[in-house]
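# What the coordinates show
For reference, the chains in residue letters:
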Amino acid sequence: MRIAITSTGPDTDSQVDLRFGRAAYFVVVDTDTGLSTSHSNTQNLNAAQGAGLQAAKKVADLGVEAIITGNIGPKAFSALAAANIKSYLGATGTVSETLKLFNAGSLQETTTPNVAGHWT
């Protein structure tokens, strides 16, 4: 399974970014092989609007099946759901710590966004 984890930096030792649309990076991990790649989200860091929708398109284009983040708004959540991408919220710590929690089944899939639109 390919998952994307929002991150403040480009590697698995970086802290999870609590924002989805304005996350600094997406670290994509293949849970079968353990291999990871980093993808900058710089274009959305200071976007006036639409950051969540653009970020959802980006992770969909990366071919992930799930996103793990701290928080997600309604438009981004809807776009991810339309692309059949599962969302897991409430992540904290480093990307590698969050990955361990995911692999252990300790993170629960969410069926709703957890913040209002335009949350920064």
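Residues numbered from 1 in each chain as written. Predicted model: local features only at pLDDT ≥ 70, side-chain atom pairs only at ≥ 80, totals over all residues. Heavy atoms only, no water.

Turning to the sheet that holds strand β5 (residues 86-88), a few remarks are in order. Strand order across the open sheet formed by 6 strands is β3-β2-β1-β4-β5-β6, with mixed pairing between neighbours. At either margin of the open sheet sits one strand with a lone partner, and together these are β3 (36-40) and β6 (109-110). In the sheet, strand β1 (residues 2-7) pairs with strand β2 (residues 25-30) via 6 bridges, with the strands oriented antiparallel. In the sheet register, Ser-7 faces β2, and the bridge partner there is Tyr-25. Helix α4 (residues 95-103) rests against β1, β2, β4 (66-68) and β5 of the sheet, and its axis sits at about 140° to β1. (Pairing = 2+ DSSP bridges. Helix = DSSP H or I, 4+ residues; strand = E, 2+ residues; numbered from the N terminus. Contact = heavy atoms within 4.5 Å. Axes fitted to C-alpha atoms, helices over the stretch in contact; angles between N-to-C directions.)

The biggest cluster of nonpolar side chains holds 17 residues, and the ones touching the most others in it are Phe-20, Phe-26, Val-59, Ile-67 and Leu-80. When contributions to this core are tallied by element, the ones reaching two or more residues are β2, α2 (51-61) and α3 (74-82). Setting aside residues no more than four positions away along its own chain, Val-59 makes contact with Ala-4, Phe-20, Phe-26, Val-64, Ile-67, Leu-80 and Ile-85. (Core = buried A, V, L, I, M, F, W, Y, C linked by side-chain atoms within 4.5 Å. Buried < 20%, exposed > 50% of the residue type's maximum accessible area, 1.4 Å probe, protein only.)

Turning our attention to α4. The set of residues buried in α4 consists of Val-95, Thr-98, Leu-99 and Phe-102. The arc that holds every buried residue of α4, seen down its axis, measures 105°, which confines them to one face. For α4, the secondary structure elements touched by its buried residues are β1, β2, β4 and β5. Positioned one or two residues after α4, Gly-105 has a phi angle of 80°, which is positive. (Arc of directions from axis to C-beta.)

Okay, the pattern of salt bridges next. According to the stated counting rule, one finds 2 salt bridges in the structure shown. The salt bridge involving Asp-61 is made with Lys-57; its shortest N-O contact spans 2.9 Å. Pair noted here: Asp-61 and Lys-57 are both in helix α2, with a separation of 4 residues, about one helical turn. Among the residues examined, Asp-61 registers a relative accessible area of 57% and is labelled exposed. (Salt bridge = Lys/Arg side-chain N within 4 Å of Asp/Glu carboxyl O.)

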